[in-house]
Every structure is written in C-alpha cells, then in structure tokens.
Amino acid sequence: MEQVTSTRTELLARRARLALAEQGRELLEQKRDQLMEEFRKIADVALRGGDELAQAAAEAQRAIDLAEALDGPEAVASAAHAAQHELMLEVSASSIMGVRIADVAYPPVGRLSTDRGYSLAGTSPRIDAVAERFEAEVELLLEVASLEARMRRLADEIGKTVRRINAIELVVIPRLVAEASYIQSVLDERERQDRFRLKRVKDRKTRSRRGTPT
C-alpha cells in the first residue's frame with residue numbers, strides 16, 4: 001500500500017471505481033446468463049439434429065447398399081457422378097448481447113428426380129431412393145454444422161465473459177476494497193492525531209490562562 005496516496009480525494013476515487021467495478025460485474029453476469037441461455041437453446045436443437053442426422057446417415061447407407069446389390073456399384077456411381085452439383089451457401093451475421101454470430105442460409109438440398117442429371121430410363125427407383133436419402137442427410141448436416149458453429153462462437157464468448165467476471169471479483173474488487181480500507185484507516189489515524197494535538201493545544205492554553213506551568 002506504499003504507493004497509495006492517502007487523501008480524501010483518493011478515497012472517493014477508489015469508492016467510485018469500486019462502484020463502477022461492481023456495476024460492470026453485474027452487467028457481465030447478465031451477459032453471461034443470456035449467452036448461456038441461448039447456448040442451451042441451440043444445444044438442445046443441435047442434439048436433436050444430431051440424432052436425426054445419425055438416423056438419416058443410416059437410412060442413406062441402407063439405401064445405397066440395396067441399390068449397389070441389385071443395380072450394381074457402376075450404376076450407382078454413374079448416377080452419383082451425374083447428380084453432382086454446387087450448393088450455394090449465404091453467410092450473414094446476427095447479434096446476441098453484442099456478440100456477432102454467423103447465420104448460414106442455403107437453398108433446399110432435395111431435388112426432383114428430373115433435376116438430378118441422370119437418365120430416369122437408365123436408373124431404378126432404388127437409385128432415386130439413394131439420392132433422396134443422401135440429400136436429406138446433407139441438409140441435416142448443414143443444419144447441424146451451422147448450429148455447432150454458433151455454439152462454438154457462444155462458448156468462446158461465454159469463456160471470455162467468465163474470465164472477465166473472475167478477474168473483477170478476485171482481483172479488481174478486492175484490490176480496490178483493500179486500498180479504500182487502507183486510505184480510510186490512514187485518514188482515521190490522522191484525525192485521531194489531529195484531535196489529540198488540538199486537545200493538547202487547548203490544554204496548554206487553559207493552563208496558561210490559569211498560570212499553571214506547562
């Protein structure tokens with residue numbers, strides 16, 4: 001505490017900084033709580049989406065196994081090559097408690113059989129079923145990936161916010177409290193000394209008026 005200037009001004013400054021730190025902690029706690037609530041909501045949706053994705057992947061695998069067994073791997077591979085196409089994604093940003101979160105938008109993945117690029121006359125309904133299952137899997141995959149990206153962003157921000165709260169609670173506030181207490185104790189001691197000196201001066205004056213030697 002040797003570097004602390006023990007004046008009334010410094011005491012008021014420490015108290016003002018302490019009030020500001022406590023207010024900042026409360027705001028950060030509100031931010032943390034809202035971010036965690038949003039994280040839980042997204043996590044619930046992502047968890048359900050993960051289960052649906054696993055089911056869709058299993059159905060797609062069963063469909064392709066059946067098509068390869070009955071139509072041949074070459075026919076399935078040829079249809080898959082013909083059906084390849086680009087999927088355009090659009091990324092925008094939203095804000096949650098001042099935190100920018102990426103939003104990914106995409107057109108429907110599922111297509112009509114006539115839009116997949118392969119000849120309907122040269123393929124079987126089983127190959128159409130494979131395409132449908134894999135399109136459903138891809139759409140779920142995009143949805144879950146978008147949710148997981150949002151969760152990672154929120155988790156990072158929650159971690160930063162918690163660290164800032166801890167720093168305020170464990171470092172800033174205790175330091176300001178200790179400094180304010182030290183300044184107050186020094187000021188109190190000075191006041192006691194001033195009162196003592198004033199009392200001695202008054203006593204001397206009283207004895208001097210009475211002719212009493214000091």
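Every value quoted in this text rests on a predicted model; they were computed, and no experiment measured them.

1. As for the overall build of the protein
Helix and strand counts for the protein come out as three helices and two strands. Against the compact-globule benchmark of 17 Å for 214 residues, the protein has a radius of gyration of 37 Å, which places it well outside the compact range. Projected onto its principal axes, the C-alpha coordinates of the protein cover approximately 130 × 25 × 25 Å. Put simply, the protein has 214 residues, and 26% of those count as buried. Of all intrachain contacts in the protein linking residues separated by at least 6 positions in sequence, the fraction that spans at least 24 positions is 77%. The distance from the centre of the 35 positive side-chain charges to the centre of the 36 negative ones in the protein is 24 Å.

2. Re the environment of Leu47
Along the chain, the position of Leu47 falls in helix α1 (residues 8-71). With relative accessibility at 57%, the residue Leu47 sits in the exposed group. Remark: the alpha-carbon pair of Leu47 and Leu147, spanning 100 residues in sequence, is separated by 9.6 Å.

3. Description of the pattern of salt bridges
As enumerated under the stated definition, the model contains 16 salt bridges in all. As a salt-bridge pair, Arg133 and Glu132 come within 3.9 Å of each other at their nearest N and O atoms. Put simply, Glu10, Arg14, Arg175 and Glu179 are held in one network by salt bridges that share partners.

4. Structural notes on the environment of Gln34
Mapped onto the elements, Gln34 comes out in helix α1. Note: C-alpha distance between Gln34 and Ile96 (62 residues apart in sequence) is 8.4 Å.

5. Digging into unusual backbone geometry
With the exception of glycine, the majority of residues adopt a negative phi angle, and the majority of peptide bonds are in the trans configuration. Backbone geometry places Met97, a non-glycine residue, at a positive phi of 55°. Positionally, Met97 belongs in the loop between β1 (90-96) and β2 (99-105).

6. Examining the packing of α1 against helix α2 (residues 73-83)
Helices that pack against each other are described as a pair by the angle of their axes relative to one another and the distance between those axes. α2 packs onto α1 with a crossing angle of 125° between their chain directions and a minimal axis gap of 6 Å. As the angle between them shows, α1 and α2 are arranged oblique. Between α1, through Ile64, Ala67, Glu68 and Asp71, and α2, the contact on the second element is made entirely by Pro73, Ala75 and Val76.

Rules behind the numbers
Residues numbered from 1 in each chain as written. Predicted model: local features only at pLDDT ≥ 70, side-chain atom pairs only at ≥ 80, totals over all residues. Heavy atoms only, no water. Helix = DSSP H or I, 4+ residues; strand = E, 2+ residues; numbered from the N terminus. Rg over C-alpha atoms; globule rule 2.2 N^0.38 Å. Buried < 20%, exposed > 50% of the residue type's maximum accessible area, 1.4 Å probe, protein only. Contact = heavy atoms within 4.5 Å. Lys, Arg positive; Asp, Glu negative; His and termini not counted. Charge placed at Lys NZ, Arg CZ, Asp CG, Glu CD. Salt bridge = Lys/Arg side-chain N within 4 Å of Asp/Glu carboxyl O. Axes fitted to C-alpha atoms, helices over the stretch in contact; angles between N-to-C directions. Parallel < 35°, antiparallel > 145°, perpendicular 65-115°, else oblique.

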